[in-house]
Amino acid sequence: MIIRQARLSDAPDIAAIYAHHVLHGTATYELDPPETAEMAQRMEKVLAAGWPWLVACDPAGGIMGYGYVAQFRDRAAYRFAGEDSIYIRDDCRGQGAGKALLQALLQAAEAAGFRQMYAVIGGAEPASIALHAALGFEPAGILRGSGRKHGRWLDTVFMQIALGGGTAAPPDKEPQ
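Residues numbered from 1 in each chain as written. Predicted model: local features only at pLDDT ≥ 70, side-chain atom pairs only at ≥ 80, totals over all residues. Heavy atoms only, no water.

Take helix H1 (residues 11-24) next. Between its terminal C-alpha atoms H1 stretches 20 Å, which fits the 20 Å expected from 14 residues at 1.5 Å a residue. All of the buried residues in H1 are Ala 11, Ile 14, Ala 15, Ile 17, Tyr 18, Ala 19, His 21 and Val 22. (Helix = DSSP H or I, 4+ residues; strand = E, 2+ residues; numbered from the N terminus. Expected span 1.5 Å × (residues − 1). Buried < 20%, exposed > 50% of the residue type's maximum accessible area, 1.4 Å probe, protein only.)

Generally, phi is negative for residues other than glycine and the peptide bonds are trans, each holding for most cases. Although it is not a glycine, Ala 124 adopts a positive phi angle of roughly 45°. In this structure, Ala 124 sits in the loop between strand E5 (116-122) and helix H4 (126-134). By relative accessible area, which is 23% here, Ala 124 ends up partly exposed. Of note, the phi angle at His 150 is positive, near 55°, even though the residue is not glycine. Position of His 150 among the secondary structure elements: in the loop between strand E6 (138-149) and strand E7 (152-162). Since its relative accessible area comes to 46%, His 150 is described here as partly exposed.

Attention now goes to helix H2 (residues 36-48). Under the 1.5 Å per step criterion, the end-to-end length of H2 is 18 Å for 13 residues, consistent within 8% with the ideal 18 Å. Listing the buried residues of H2 in full gives Met 39, Ala 40, Met 43 and Val 46. For H2, the angular spread of buried residues about the axis comes to 125°, placing them on one side. With respect to the buried face of H2, the exposed residues turned more than 90 degrees away are Ala 37, Lys 45 and Ala 48. Buried positions along H2 lie against H1, strand E2 (53-57) and strand E3 (63-71). Gly 50 occupies a position one or two residues after H2 and carries a positive phi of about 85°. (Arc of directions from axis to C-beta. Contact = heavy atoms within 4.5 Å.)

Right, here's the structure in full:
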């Protein structure tokens, strides 16, 4: 498996992976899958900010999954807080792509200046909780009944890990 920086030419594969999760899962609370052009715009926004958007590829180059980090919220004071998102192609689950992506995202997020990483886990997905816990994330809270999809109420689990110096020291550059 190869982890590499995503390219805009990956948008059709990324949109297809995400569409499956939108239609069949609870990790995302979107109800309608975005078109490829919309996914490409989302990618451009993340990449233009200097944040990581990675893909996991099989030896033949097929995309097994993707993950990215974006600022947790748009307000300037959140500049050092990132949120990860990871989606794996349905037929590639359980092959280590999620773990490889998350490990690479943590390193890339720290290099991009993030000091905290949050996982906002829709539907309290057990596999996602286990993945994040295995890499050192700790529980940070639960929003009960925060979403409704597939005819049921869904909880959202928050998990968190410190990156770099965390809150032990100020950042190299303060937000303006």
